[in-house]
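Residue-level listing of the chains:
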Amino acid sequence: MPGVAPDPPVIGLFDSGVGGLSLWRELRRALPAMPLIYAADTAAFPYGARSAAEVAARARALAQLLVAQGATLLVAACNSIGTAALAEVRAATGVPVVGTVPAIRSAAAATASGQIAALVTPLTAGGLGYAALLAAVPPHVQVWTRPCAGLAEQVEAGVLASPRTRALVVRALAEPVAAGVDAVVLGCTHYVFLAPLVQAVAGPNVRLFDGNAGVVRQVERLVSTSTPSTVQLANRCFTTGPAAPFAAVARRLLGREAAALGPIVQHPIEADR
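Just so it is clear, the structure is predicted and the values come from calculations on it, not from any experiment.

Comments concerning the sheet that holds strand S2 (residues 36-40)
1) Next: The parallel open sheet is built from six strands, whose spatial order is S4-S3-S1-S2-S9-S10. Because the sheet does not close on itself, it has two edges, and the strands there are strand S4 (97-99) and strand S10 (264-266). Across the sheet, the mean angle separating the axes of adjacent strands is 20° when strand polarity is ignored.
2) Next: Summarising the sheet, strand S1 (residues 11-15) and strand S3 (residues 73-76) pair through four bridges and their orientation is parallel. Residue leucine 13 lies in a different strand from S3, and its bridge partner there is valine 75.
3) Next: Lying on the sheet, helix H2 (residues 52-68) is in contact with S1, S2, S3 and strand S9 (236-239); it crosses S1 at an angle near 155°.

Describing the environment of valine 120
1) Next: Along the chain, the position of valine 120 falls in strand S5 (residues 115-120).
2) Next: Taking the C-alpha atoms as reference, valine 120 lies 26 Å from glutamine 64; in sequence the two are 56 residues apart.

Observations regarding the sheet that holds strand S6 (residues 142-147)
1) Next: Ordered in space as S6-S5-S7-S8, the four strands form an open sheet in which the pairing is parallel. The sheet is open, and its two borders are formed by S6 and strand S8 (207-210), each paired with just one other strand. Averaged over all neighbouring strand pairs, the angle between strand axes comes to 25°, with direction disregarded.
2) Next: Of the pairings in the sheet, the one linking strand S7 (residues 183-186) to S8 comprises four bridges and is parallel in character. Counted as the bridge partner of leucine 186 is aspartate 210 from S8.
3) Next: Each of S5, S6 and S7 touches helix H9 (residues 163-179); the most contacted strand, S6, lies at about 165° to it.

So, the pairing of S5
1) Next: Here S5 lies mainly inside the structure; six of its six residues are buried.
2) Next: Both faces of S5 are covered, namely the face carrying Gln115, Ala117 and Leu119 and the face carrying Ile116, Ala118 and Val120.
3) Next: Of the strand pairs in this sheet, S5 and S7 are connected by four bridges, and their pairing is parallel. Bridge pairing links alanine 118 to valine 185 in S7.

Considerations on the pattern of salt bridges
1) Next: Considering all chains together, one arrives at five salt bridges under this definition.
2) Next: Here arginine 146 ties to glutamate 175 by a salt bridge, and the two come within 4.0 Å at their closest N and O atoms. With a gap of 29 residues between them, arginine 146 in strand S6 and glutamate 175 in helix H9 connect regions that are remote in the sequence.
3) Next: Residues participating in the shared-partner salt-bridge network are Arg28, Arg29 and Glu257.

Quick look at the pairing of S2
In regular strands, side chains alternate between the two faces of the sheet.
1) Next: Across the five residues that make up S2, a large majority, five, are buried.
2) Next: Every second residue of S2 is oriented toward a common face, with Leu36, Tyr38 and Ala40 on one face and Ile37 and Ala39 on the other, all of them buried.
3) Next: As paired elements, S1 and S2 share five bridges and run parallel to each other. When the sheet's bridge partners are listed, isoleucine 11 is paired in S2 with leucine 36.
4) Next: Note on the crossover from S1 through helix H1 (residues 21-30) to S2: the handedness is right-handed.
5) Next: Bridging between S2 and S9 involves four bridges; their strand directions are parallel. By the bridge assignment, alanine 40 is partnered in S9 with threonine 239.

Focus: the packing of H1 against helix H12 (residues 243-254)
1) Next: With their axes 11 Å apart at the nearest point, H1 and H12 run at an angle of 55° to one another. In this view, H1 runs oblique relative to H12, as classed from their interaxial angle. Seen from above, H1 lies across H12 with right-handed handedness. For the pair formed by H1 and H12, the contact residues are Leu21, Trp24 and Arg25 on the first element and Phe246, Ala250, Leu253 and Leu254 on the second.
2) Next: Each residue belonging to the contact of H1 with H12 can be placed in one class, and the counts come to six nonpolar, no polar and one charged.

Thresholds, definitions, all that
- Residues numbered from 1 in each chain as written.
- Predicted model: local features only at pLDDT ≥ 70, side-chain atom pairs only at ≥ 80, totals over all residues.
- Heavy atoms only, no water.
- Pairing = 2+ DSSP bridges.
- Helix = DSSP H or I, 4+ residues; strand = E, 2+ residues; numbered from the N terminus.
- Axes fitted to C-alpha atoms, helices over the stretch in contact; angles between N-to-C directions.
- Contact = heavy atoms within 4.5 Å.
- Buried < 20%, exposed > 50% of the residue type's maximum accessible area, 1.4 Å probe, protein only.
- Salt bridge = Lys/Arg side-chain N within 4 Å of Asp/Glu carboxyl O.
- Right-handed = clockwise from strand over helix to strand, strands pointing away.
- Parallel < 35°, antiparallel > 145°, perpendicular 65-115°, else oblique.
- Left-handed = near helix turned anticlockwise from the far one by under 90°.
- Nonpolar A, V, L, I, M, F, W, Y, C, P; charged D, E, K, R; others polar.

So, to be careful, I would describe these as geometric facts and stop short of saying anything about function.
Put into structure tokens, the structure is as follows:
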């Protein structure tokens, strides 16, 4: 159990880049009174091509940064962290940590054809946490695991509908769609921003699933008994790389909501192995 958030909670989200903004957006809409602090490890992006040890070290450093900035509840807004490094993050902090994992269970429960596809990063595909998700799938359900090297990079650049982005999605889904999948899991928070493109490629009869809704429900449970703060704390955003490129893509992905991120400040981290 991730524990109970103290009163009043300040939620800190962290990811390798802009992908976790898809979850930040949902949390902000669900809990508009809760202060949110976001940390993007753009200096080490992409996580999907790194080792689990590297990601764990970076995730610990990000979590510690957020706690130092006042976060009392952490959200690992990254499926690679959630499936490969969540235990290390929890061990390194003294606050509750909610992880994000691919919504394999939800998709498996909803499929009628018994065929589902999971779009994930290479690191997620090889993680022990992902293997555990697959082991819990009923035997009559086949999961097409599709490691999508290069796809998160397209989102990080804010390129959601280019020929290359579409080609990557088509390549990942061609075989599963031909096999009759009726559910596709967006197993990276970056991929949530590609939902319209994935839907167009997969077809109108295919349902899309991601882990963000489950994370929001878990956070809502943790803060449900919290006392609302009488002090209005401002949202803040940190990036380990240059702030200007991150801010530009955030505006492209979030539109007017990007202003609610608050000040975007470059804050390098040191990650010990």
